[in-house]
Amino acid sequence: MTTMAMNSQAHVEMMDSCSAHNYHPLPVVIAEADGVWVTDVDGKRYMDFLAAYSAVNFGHSHAGLLEITQQQLKRVTLTSRAFLNDQLSPFCKELADLCGMEMVLAMNTGAEGVETAIKTARRWGYRVKGVPANQAKILVCDQNFHGRTTTIISFSTDECAREDFGPYTPGFEVIPYGDAEALSKAIDDNTVAFLMEPIQGEAGIIVPPDGYLKQVRQICSDRKVLFIADEIQSGLGRTGYTFACDCEGVKPDLYVLGKALGGGIMPISAVASSKDILGVFTPGSHGSTFGGNPLACAIARKVIEMLDQGDIQRHTREMGDYLFKRLRSFDWPNVTMIRGRGLWAGIELDREKAGKAKPFCERLMHEGLLCKDTHEYSIRLAPPLVISKDELDWAIDKLDKVLR
Ligand SMILES: *Cc1c(COP(=O)(O)O)cnc(C)c1O
């Protein structure tokens, strides 16, 4: 069967009949990509202003990442964890160093990374903190997004993600985001961890009040509660820093990483922490067939090497400052707020005047700019971090055309 002759419309129709409807994508069918640009099956070019939710931080078809991938493809791609491979141990060491941590546990998807952090915190609670069996409580935030497994959606506050997927996993309590006092009040003797996003991505790029992360760090240390930072989307350069926690000079007890760690090529996620925390795992207590596979590890090592040099973070800070300066210079009647940090912005629309964000994203698509709405009334901007100033200007001009 040939897919060569299928145009966009044919793909949309085939998806409609043959794929579960678990997404509602813009009707653009991408066939090729390079840097910040993608080309659809009809030959039309667009700028990618989503970067696969930050998984493509280094741009599409990054030469260095492609080279490493091709080399590793010819060497070895999968061993399972029944044996060691020569990429996994250096990956663990290099990622631990980048995080300022001691140990790493490699998985594949972000949700698996979060699940790993939850299991770590519970076992640490029972074995180190001394919480009575099956009583561990983990605090999470209102409007959180940590993935799609049954346990994770059990503590989601998004009804759309939960509806008819119960019974739900117990052991979680939701508190307001950005409110240190609420955190302090919610902690009891059985609280083992506070799981949070240093900037809430899916909720609309919500930046917490200044000083919040510092307060969280202090409260968690004082009360012997693990501070788990889900940096799957906010980490690895997006904010102009290696981690969003760096913006406040704060180090959590556990980082959860994913998305950009795989260079936009292979899924790989990881939890990074100290020996006394990740040391709770014993053989057989956790794992994954593909977790820590040599292909993903080789690519991730290149990602870590690039982050270690710091150029991408510097470039992101410069471009981010320029992006926000220009975005805030407009007087768009449809817009009530512009939030974000680095090359990560949420444009909040006026619900009365503008309505929902999706029609704006459709118009931007027709202008050649691919963005994604989030939580109905925000337009999310997250271009590949390698974007040039000229490319950024091109995109901002399109935004101005559609939003004015
Ligand atoms: C994307 C994301 C996840 C889930 O990652 P998957 O790879 O889609 O499972 C978890 N947490 C945050 C903050 C995310 O942005």
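S.K.: What is the right way to look at the sheet that holds strand β4 (residues 103–107) in this model?
M.R.: Whether parallel or antiparallel, the strands of a sheet pair through hydrogen bonds between backbone atoms. One open sheet holds the 7 strands; their spatial order is β4-β10-β9-β8-β7-β5-β6, and the pairing between them is mixed. Two strands bound the open sheet, and with one partner strand each, they are β4 and β6 (172–175). The sheet shows a mean angle of 20° between the axes of neighbouring strands, taken without regard to direction. Looking at chain direction, strand β5 (residues 137–141) and strand β7 (residues 191–196) are connected through 3 bridges and run parallel. For Leu-139, the partnering residue across the bridge sits in β7 and is Phe-194. Against the sheet, helix α4 (residues 88–99) contacts β4, β9 (254–257) and β10 (269–273), and its axis sits at roughly 120° relative to β4. Each of β4, β5, β6, β7, β8 (226–230), β9 and β10 touches helix α5 (residues 110–129); the most contacted strand, β7, lies at about 160° to it.

S.K.: Can you help me understand the domain arrangement of the chain in this one?
M.R.: Bring the parts together and some accessible area is lost; that lost area is often taken as the interface size. One can read the domain layout of the chain as domain 1 (3–61 + 311–403) and domain 2 (75–309). On a C-alpha basis, the centres of domain 1 and domain 2 stand 27 Å from each other. Counting residues at the interface gives 30 residues for domain 1 and 29 residues for domain 2. In total, about 2,500 Å² of surface goes out of reach between domain 1 and domain 2, with carbon and sulfur atoms giving 57% of it. The tally of links from domain 1 across to domain 2 stands at 1 salt bridge. Arg-380 is the partner of Glu-202 in a salt bridge, and the nearest nitrogen-oxygen pair spans 2.9 Å.

S.K.: What exactly am I supposed to notice about the nonpolar core here?
M.R.: When a protein is soluble and globular, its nonpolar side chains tend to lie buried together. Counting 89 residues, the largest nonpolar core has Phe-91, Leu-95, Phe-194, Leu-261, Ile-347 and Ile-379 as its most contacted members. Broken down by element, this core gets its largest block of residues, 9 residues, from helix α11 (residues 294–309). Counting the residues that make up this core, at least three belong to each of domain 1 (3–61 + 311–403) and domain 2 (75–309). Excluding residues that lie within four positions of it along the chain, Ile-379 makes contacts with Ala-345, Gly-346, Ile-347, Leu-349, Ala-357, Phe-360, Cys-361, Cys-371, Lys-372, Asp-373 and Leu-403. Counting residues in each nonpolar core, the second largest holds 28 residues, with Ala-117, Ile-138, Leu-254 and Val-280 among its members.

S.K.: Help me understand the packing of aromatic side chains in this model?
M.R.: To describe a pair of aromatic rings, you give the distance between the ring centres and the angle between the ring planes. For the structure shown, the criterion picks out 5 aromatic pairs. Geometrically, the ring pair formed by Phe-155 and Phe-172 is tilted, given 4.3 Å between the ring centres and 35° between the ring planes. Of the two residues, Phe-155 sits in the loop between α6 (150–154) and α7 (159–162) while Phe-172 sits in strand β6, which places them 17 residues apart along the sequence. As far as the burial class goes, Phe-155 and Phe-172 line up, both buried.

Rules behind the numbers
- Residues numbered from 1 in each chain as written.
- Predicted model: local features only at pLDDT ≥ 70, side-chain atom pairs only at ≥ 80, totals over all residues.
- Heavy atoms only, no water.
- Pairing = 2+ DSSP bridges.
- Helix = DSSP H or I, 4+ residues; strand = E, 2+ residues; numbered from the N terminus.
- Axes fitted to C-alpha atoms, helices over the stretch in contact; angles between N-to-C directions.
- Contact = heavy atoms within 4.5 Å.
- Domains from an automatic or database assignment.
- Buried area = accessible area lost by both parts, 1.4 Å probe.
- Salt bridge = Lys/Arg side-chain N within 4 Å of Asp/Glu carboxyl O.
- Core = buried A, V, L, I, M, F, W, Y, C linked by side-chain atoms within 4.5 Å.
- Buried < 20%, exposed > 50% of the residue type's maximum accessible area, 1.4 Å probe, protein only.
- Phe/Tyr/Trp six-rings, centres within 6.5 Å; stacked < 30°, edge-to-face > 60°.

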